[in-house]
Amino acid sequence: MSISTTKGTVYFIGAGPGDPDLITVRGRALIERCPVCLFAGSLVPRVIVSCAPAGAVVRNSASMHLDAIVALMTEASAEGKDVARVHSGDPSLYGAIAEQMRRLDECEVPYEVVPGVSSYQAAAAALKIELTPAGKNQSVILTRAAGRTGVPEVDDLAALGSHGTGMALFLSADQMVEVVTALQPRYGPEAPVVVAYRVGWPDQQFLRCSLAEVAAQMANAGITRTALIFIGPMVDGAPALESHLYNKSYSHLFRKGASADESALEPEADTMVEFDSP
Ligand SMILES: C[S@@+](CC[C@H](N)C(=O)[O-])C[C@H]1O[C@@H](n2cnc3c(N)ncnc32)[C@H](O)[C@@H]1O
């Protein structure tokens, strides 16, 4: 290993859900120029890193443990080489980047994070739904069933489900019986569910059913992983209300309502509505 005086930087890059053109421009440009690329191959298709420069070291981290991953990144950095560390979706969600960043901090390796399109966002886009439709749930709980890793007590699924708002479940496809048991008391057996399987991959698939049916439907379809599960009013298929934002009589900072007077154009600072707020 040749030691460089300038350390290379590790870039944690969100690759998006799988579609090669759903990575950010910044993320792709970094993969194109980094001499070392380490990608989470269980969820990031190889084609996404095929733009790495000629001669780059490209490794799939799926079979590597944390020590080996950190060793590869710190050695490259010590040689002055930048590293593209490519994770699925957005790295801030279930990306296990916290532990990598902590180790890099200990080794004084510089790093940056480049966001990506999360699978829940890609699923909503593919389904052409709004996750916070006017008049329906105005919150979405992003969570997961406990699984092998476990979750803190405050994240108990039944307790979160007691809100009855929108929910997007990651990493839970193999625990649907437990999910249904936890959520059915509040949502009821007829609650609408959409399962989005491998969004952005050639074999993507969507199932629409009720909460009572979902475990059996997923088992029939052979879906035990890489699925995002939406539960709640936002997937009930019923028309949403119209928001204030584009209502012609509603005034806000950037538009005067049809029947509003001039003062509506200059609201007090504390009554200002942010652009795009309904
Ligand atoms: C380790 S987590 C990574 C999540 C990722 N960081 C994100 O923002 O989507 C893996 C889980 O994310 C969801 N997931 C990731 N990619 C997906 C895809 N293409 N389609 C559906 N769900 C996906 C599934 O719930 C899967 O079990």
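As annotated in an unreviewed UniProt entry, the protein carries the name Precorrin-4 C11-methyltransferase and comes from Singulisphaera acidiphila. According to its UniProt record, the protein has this under Sequence similarities (unreviewed entry): "Belongs to the precorrin methyltransferase family."

Caption draft 1: Looking closely at the overall build of the protein. Helix and strand content of the protein: seven helices and ten strands. Along the first, second and third principal axes, the C-alpha set of the protein runs to 70 × 55 × 35 Å. Expressed as a percentage of its 278 residues, the buried residues of the protein come to 42%. As displayed, the protein has an accessible area near 14700 Å², and 52% of this comes from carbon and sulfur atoms.

Caption draft 2: A look at the site of the ligand. For the ligand, the set of nearby residues contains 18 residues, the closest of which are Leu93, Ser118, Ser119, Val199 and Ala227. Ser118 places a polar side-chain atom, nitrogen or oxygen, 2.8 Å from an oxygen atom of the ligand. Ser119 places a side-chain nitrogen or oxygen 2.6 Å from an oxygen atom of the ligand. In the complex, the protein chains occlude 92% of the 560 Å² of accessible area that the ligand would expose alone. Looking at the shell around the ligand residue by residue, the classes come out as eleven nonpolar, five polar and two charged. Looking at which domains feed residues into the shell around the ligand, each of domain 1 (10-117) and domain 2 (120-235) supplies at least three.

Caption draft 3: Just unusual backbone geometry, in detail. One non-glycine residue, Glu108, adopts positive backbone phi at about 55°. Mapping Glu108 onto the fold places it in the loop between α3 (97-106) and β5 (111-114).

Caption draft 4: The UniProt feature "domain: Tetrapyrrole methylase" (unreviewed entry) in the protein, seen in detail. As recorded in UniProt, the feature "domain: Tetrapyrrole methylase" (unreviewed entry) lies at residues 9-214. End C-alpha to end C-alpha, residues 9-214 measures 44 Å, and it is 30% helix and 21% strand.

Caption draft 5: Representation of the sheet that holds strand β3 (residues 57-60) in the model. Judged by pairing direction, the sheet is parallel, and its five strands sit side by side in the order β3-β2-β4-β1-β5 without closing on themselves. Of all the strands in the sheet, just β3 and β5 have a single pairing partner and so form its edges. On average, each strand axis in the sheet is tilted by 15° relative to the strand beside it, whichever way the strands run. Taken together, the four bridges between strand β2 (residues 36-39) and strand β4 (residues 83-87) define a ladder with parallel strand orientation. Along β4, the bridge assignment pairs Val36 with Val83. Running at roughly 135° to strand β1 (residues 10-14), helix α1 (residues 25-33) makes contact with β1, β2, β4 and β5 of the sheet. In the packing of helix α2 (residues 66-78) onto the sheet, the strands contacted are β1, β2, β3 and β4, and the crossing angle to β2 comes to about 160°.

Caption draft 6: Inspection of the domain arrangement of the protein at higher detail. According to the domain assignment, the protein contains domain 1 (10-117) and domain 2 (120-235). The C-alpha centroid of domain 2 is placed 28 Å from the C-alpha centroid of domain 1. Each side of the interface is counted separately: domain 1 has ten residues, and domain 2 has twelve residues. Between domain 1 and domain 2, a total of about 900 Å² is buried, with carbon and sulfur atoms accounting for 70% of that surface.

Caption draft 7: Representation of helix α6 (residues 176-187). Of all the positions in α6, only Met176, Val179, Val180, Ala182, Leu183 and Tyr187 are classed as buried. Contacts from the buried residues of α6 go to α5 (157-161), β7 (166-170), α7 (211-221) and β10 (227-231). At the C-terminal side of α6, Gly188 shows a positive phi close to 85°.

Caption draft 8: Summary view of the packing of α2 against α3. Viewed as axis vectors pointing N to C, α2 and α3 meet at an angle of 50°, and their least axial separation amounts to 10 Å. Considering their axes alone, α2 and α3 lie oblique with respect to each other. Where α2 crosses over α3, the handedness of that crossing is right-handed. Only Glu99, Gln100, Arg103 and Leu104 of α3 make contact with α2, whose side of the interface consists of Leu66, Asp67, Ile69, Val70, Met73 and Thr74. Per-class residue counts for the contact of α2 with α3 are five nonpolar, two polar and three charged.

Conventions used here
- Residues numbered from 1 in each chain as written.
- Predicted model: local features only at pLDDT ≥ 70, side-chain atom pairs only at ≥ 80, totals over all residues.
- Heavy atoms only, no water.
- UniProt positions renumbered as here; feature names shortened; annotations may be inferred.
- Helix = DSSP H or I, 4+ residues; strand = E, 2+ residues; numbered from the N terminus.
- Buried < 20%, exposed > 50% of the residue type's maximum accessible area, 1.4 Å probe, protein only.
- Areas by Shrake-Rupley, 256 points an atom, 1.4 Å probe, with all protein chains shown as cover.
- Near = heavy atom within 4 Å.
- Polar contact = N/O pair within 3.5 Å; in protein donor to acceptor, adjacent residues only side chain to side chain.
- Nonpolar A, V, L, I, M, F, W, Y, C, P; charged D, E, K, R; others polar.
- Domains from an automatic or database assignment.
- Pairing = 2+ DSSP bridges.
- Axes fitted to C-alpha atoms, helices over the stretch in contact; angles between N-to-C directions.
- Contact = heavy atoms within 4.5 Å.
- Buried area = accessible area lost by both parts, 1.4 Å probe.
- Parallel < 35°, antiparallel > 145°, perpendicular 65-115°, else oblique.
- Left-handed = near helix turned anticlockwise from the far one by under 90°.

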